[in-house]
Amino acid sequence: MDLQTIAIHSGYEKDSQRTMAVPIYMSTAYEFRDVEHAANLFSLKELGNIYTRLNNPTTDVFEKRFAELEGGEAALATASGMSSIFYAIANSAEAGDNIICARQLYGGSLTLSGHTLKRFGIESRFFNVKKPQEIEALIDDKTKIIFFESLTNPSIDVADIEAITAIAHKHGILTIVDNTVATPVLCRPFEFGADISVHSTSKYTTGQGLAIGGILVERKGLVNKLKSNPRYPQFNEPDSSYHGLVYCDVPLPPFTLRARLSLLRDIGAVSSPFNSWLFIQGLETLSLRMKEHSVNALKLAEFLESHPKVNKVNYPGLKSNSNYEYAQKYFDDGASSGLLSFEVNSLEEATKIVDATQLYSLVVNIGDSKSIITHPASTTHQQLNEVELDACGVPAGLIRISCGLESIKDLIADIKQALEV
Ligand code: PLP
């Protein structure tokens, strides 16, 4: 089936009411038929609902639909994009291990890897996403994952996914790709060798800035990479916290199973059924919206490129952009999503331009139908010093735009007047 059909139908089997819309199951818990039924559910002899911290019928539709869109085997919805990233990492690594991360990451992922994980005893080592050849020297026996974004926020680079995943496969290491900005409509990282994808569904999936959520997706056949792999004893030895279960020995996708049974159970950053329902609505139009976001962003980028006050425009859909070839290779029809950034001379100039826009909202979000303007150096990346800012591609004069679905004529007119103030 085509993506647009999957996005509308997949994962939903109508219940006795035959509702066309997926129902919102607002229920904390589910009644067992009898004690044997309860015991069977807990021991995984039978699969079914137990408690909404572990699973929920509305969330289940969202997970199945998203997994199929991404070309994966199974998915786990979470309370936010950050919790899906944390679960993906915590499912792979523990105290004493290290992870290898791209330097060009979303600000929250940078503070998670550079600071919070350190407090949990997990070391993060960084590489330039434009130089995958830096990765190999960082790998040792304790390396558990390579983590990067397919389309980076806010530096707007496109990762050479095949080059990175080839290095990871050579060493039997898992790759985790944050595919938030590209979405499965434009890019499906599993087709290029990735193992796990994570998303902030707070962005394009909801599409109108309605809710916070995240999702983690496992590729098909990941069990073969995990089984007997000495890097990942947690998938090959009995889990004493879950009746001695060996995750690679049960016929269920092991990565999401362990994330659900241990991390979701014990940490509980679960998607609310109402939010899952909102994300299901968002998926129905995701493919139409991503095409339109990409068309608008390209036109805006072309305008900015021609403006004398703009030193540089970062948008992979521009032929002049150093990421253009990768955008053509990894994104459907080279469509490059709605995120672009441009550089002006100084922090002062950037501030003036941002304040002068009227149609763009000054918000730290992306992926809304309403256009958004941000100044990363004073907001999302405020914790970083000037050297760190430059290293992750965020100079002080950088302005980021999440191009929405308004008329492109109006969007260009507003940015034009702001540049001329
Ligand atoms: N990943 C990327 C690429 C993001 O842009 C964001 C948020 O902006 C996140 C992850 C975190 O997502 P959330 O805000 O849903 O926790």
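Here the residue index of a chain counts from 1 through its sequence in written order. Thresholds applied to this predicted model are a pLDDT of at least 70 for local features of residues and 80 or more for the giving and counting of side-chain atom pairs; totals over whole chains, interfaces and linings are not thresholded and use all residues. Side-chain numbers come from the whole structure's heavy atoms, not from hydrogens or water.

## Structural notes on the overall build of the protein
Numbering of helices and strands runs from the N terminus, with a helix taken as a DSSP run of H or I at least four residues long and a strand as a DSSP run of E at least two residues long. What the protein contains, in helices and strands, is 14 helices and 12 strands. Our radius of gyration is a C-alpha quantity, and the globule rule it is checked against amounts to 2.2 Å times the number of residues to the power 0.38. Taking 2.2 N^0.38 as the reference for a compact globule, 421 residues should give roughly 22 Å; the C-alpha atoms of the protein span a radius of gyration of 22 Å, in line with that estimate. With respect to the principal axes defined by its C-alpha atoms, the protein has extents near 75 × 55 × 35 Å. To sort residues, take the accessible area from a 1.4 Å probe on protein chains only and compare it with the maximum for the residue type: under 20% means buried, over 50% means exposed, and anything in between is partly exposed. Considering the protein as a whole, with its 421 residues, one finds that 58% of them fall into the buried category. Residue contacts follow a heavy-atom distance rule, with two residues in contact if any of their heavy atoms lie within 4.5 Å. Pairs at least 24 apart in sequence give 72% of the contacts found in the protein among residues at least 6 apart. Per-residue and other accessible areas were derived by the Shrake-Rupley procedure at a 1.4 Å probe size, with only the shown protein chains allowed to occlude residues. As presented, the protein carries roughly 17,400 Å² of accessible surface, and 53% of it is formed by carbon and sulfur atoms. Positive residues here are Lys and Arg, negative ones are Asp and Glu, while His and the chain termini are left out of the count. Charged side chains are reduced to one point each, which is NZ for Lys, CZ for Arg, CG for Asp and CD for Glu. If you average the places of the 38 positive and of the 50 negative side-chain charges in the protein, the two averages end up 1 Å apart.

## Side note on the side chain of Asn40
Tracing the backbone shows Asn40 in helix 2 (residues 35-42). Not counting chain neighbours up to four residues away, the residues in contact with Asn40 comprise Lys45 and Glu46.

## Some thoughts on the pairing of strand 2 (residues 98-102)
The side chains of a regular strand alternate between the sheet's two faces. Of all five residues that make up strand 2, five are buried, and the element is covered over most of its length. Of the two faces of strand 2, the one holding Asn98, Ile100 and Ala102 and the one holding Ile99 and Cys101 are both buried throughout. Judged from the five bridges that link them, strand 2 and strand 3 (residues 123-127) form a sheet pairing that is parallel. Following the sheet pairing, Ala102 is matched in strand 3 by Phe127. When the strands point away from the viewer, a crossover counts as right-handed if the route from the first strand across the helix to the second turns clockwise. A crossover links strand 2 with its parallel partner strand 3, the connecting element being helix 5 (residues 107-119), and its sense is right-handed. Only strands that DSSP links by at least two bridges are regarded as paired with each other.

## A word on the sheet that holds strand 2
With respect to topology, seven strands assemble into an open sheet ordered 1-7-6-5-4-2-3, the strand pairing being mixed. Two strands in the sheet have a free side with no partner beyond their single neighbour: strand 1 (72-78) and strand 3. For this sheet the average axis-to-axis angle between neighbouring strands, irrespective of direction, equals 20 degrees. Sheet topology note: the strand 5 (residues 174-178)/strand 6 (residues 196-200) ladder contains three bridges and is parallel. Looking at strand 6, one finds that Asp178 is bridged to Val198. Axes here refer to lines fitted to C-alpha atoms; in helices the fit is confined to the stretch in contact. Angles between the N-to-C directions go from 0 to 180 degrees. The strands touched by helix 3 (residues 57-70) are strand 1, strand 6 and strand 7 (214-219); relative to strand 1, the strand with the most contacts, the crossing angle is about 135 degrees. Across the sheet, helix 6 (residues 161-170) is in contact with strand 3, strand 4 (143-149), strand 5 and strand 7; its angle to strand 4 comes to roughly 175 degrees.

## Notes on the packing of aromatic side chains
Note on ring pairs: Phe, Tyr and Trp rings are taken, using the six-membered ring of Trp, and paired if centres are within 6.5 Å. Classes follow the plane angle, with under 30 degrees stacked, over 60 edge-to-face and the rest tilted. One pass over the full model with this rule turns up 10 aromatic pairs. Ring centres of Phe32 and Phe42 lie 6.3 Å apart, and the angle between their planes is 65 degrees; this geometry places the pair in the edge-to-face category. Of this pair, Phe32 sits in the loop between helix 1 (3-9) and helix 2 while Phe42 sits in helix 2, placing them 10 residues apart in sequence. Relative accessible area serves as the criterion here: at 38%, Phe42 is assigned to the partly exposed category. Seen in terms of ring centroids, Tyr326 and Tyr330 are 6.1 Å apart; in terms of plane orientation they differ by 45 degrees. Their pairing is tilted. Here Tyr326 and its partner Tyr330 are both found in helix 11 (residues 324-330), four residues apart, which amounts to about one turn of the helix. Judged by its relative accessible area of 2%, Tyr330 is buried. Aromatic rings pair up to connect Phe62, Phe66 and Phe279 into one cluster. Should the NZ of a Lys or the CZ of an Arg lie within 6 Å of a ring centre and within 35 degrees of the ring normal, that charge is described as sitting over the ring. Positioned over the ring face of Phe235 is Arg258, at 5.5 Å from the centre of the ring.

## Comments concerning the nonpolar core
What makes a nonpolar core is a set of buried Ala, Val, Leu, Ile, Met, Phe, Trp, Tyr and Cys residues whose side-chain atoms join them at distances within 4.5 Å. Phe127, Ile146 and Phe148 are the most contacted members of the largest nonpolar core, which totals 95 residues. For this core, the domains that each give at least three residues are domain 1 (3-274) and domain 2 (288-419). Every residue in contact with Ile146, bar those within four places of it in the chain, is listed here: Ile100, Phe127, Ile135, Ile164, Ala168, Ile173, Leu174, Thr175 and Ile176. Note that domain bounds follow an automatic or database assignment of domains.

## Thoughts on the environment of Gly207
Inspection of the secondary structure puts Gly207 in the loop between strand 6 and strand 7. In this structure, the C-alpha to C-alpha distance between Gly207 and Leu300, residues 93 residues apart in sequence, is 20 Å. The contacts of Gly207, once residues within four sequence positions are left out, are Arg289, Gly367, Asp368 and Ser369.

## Some details on helix 3
For helix 3, with 14 residues, the first-to-last C-alpha span of 20 Å sits near the 20 Å given by 1.5 Å per residue. Counted residue by residue, helix 3 has 11 buried out of 14 residues, so it is predominantly covered. Listing the buried residues of helix 3 in full gives Pro57, Thr58, Thr59, Val61, Phe62, Glu63, Arg65, Phe66, Ala67, Leu69 and Glu70. By the criterion applied in these results, polar contacts are pairs of N or O atoms within 3.5 Å in which, for protein atoms, one can donate a hydrogen and the other can accept it, and in which residues neighboring in sequence qualify only through two side-chain atoms. Two or three places before Thr58, at the start of helix 3, stands the capping residue Asn56, its side-chain oxygen 2.8 Å from that residue's backbone nitrogen. Of the residues flanking the end of helix 3, it is Gly71, one or two places downstream, whose phi is positive at about 75 degrees. Multiplying 1.5 Å by the residue count of a helix minus one yields the expected span of that helix.

## As for the domain arrangement of the protein
Once the domains are mapped, the protein shows domain 1 (3-274) and domain 2 (288-419). Look at where the C-alpha atoms of domain 1 and domain 2 centre, and you get two points 29 Å apart. Contacts between the two partners involve 37 residues from domain 1 and, on the opposite side, 39 residues from domain 2. Taken together, both faces of the contact between domain 1 and domain 2 bury some 3,100 Å²; the carbon and sulfur share is 60%. Buried area is a sum: the accessible area each of two parts loses on coming together, probed at 1.4 Å, counted once for each and added. Broken down residue by residue, the surface that domain 1 buries against domain 2 is led by Ile156, Leu186 and Tyr204, which jointly contribute 25%. One speaks of a salt bridge when a side-chain nitrogen belonging to Lys or Arg is within 4 Å of a carboxyl oxygen belonging to Asp or Glu. At the boundary of domain 1 and domain 2, one finds two salt bridges.

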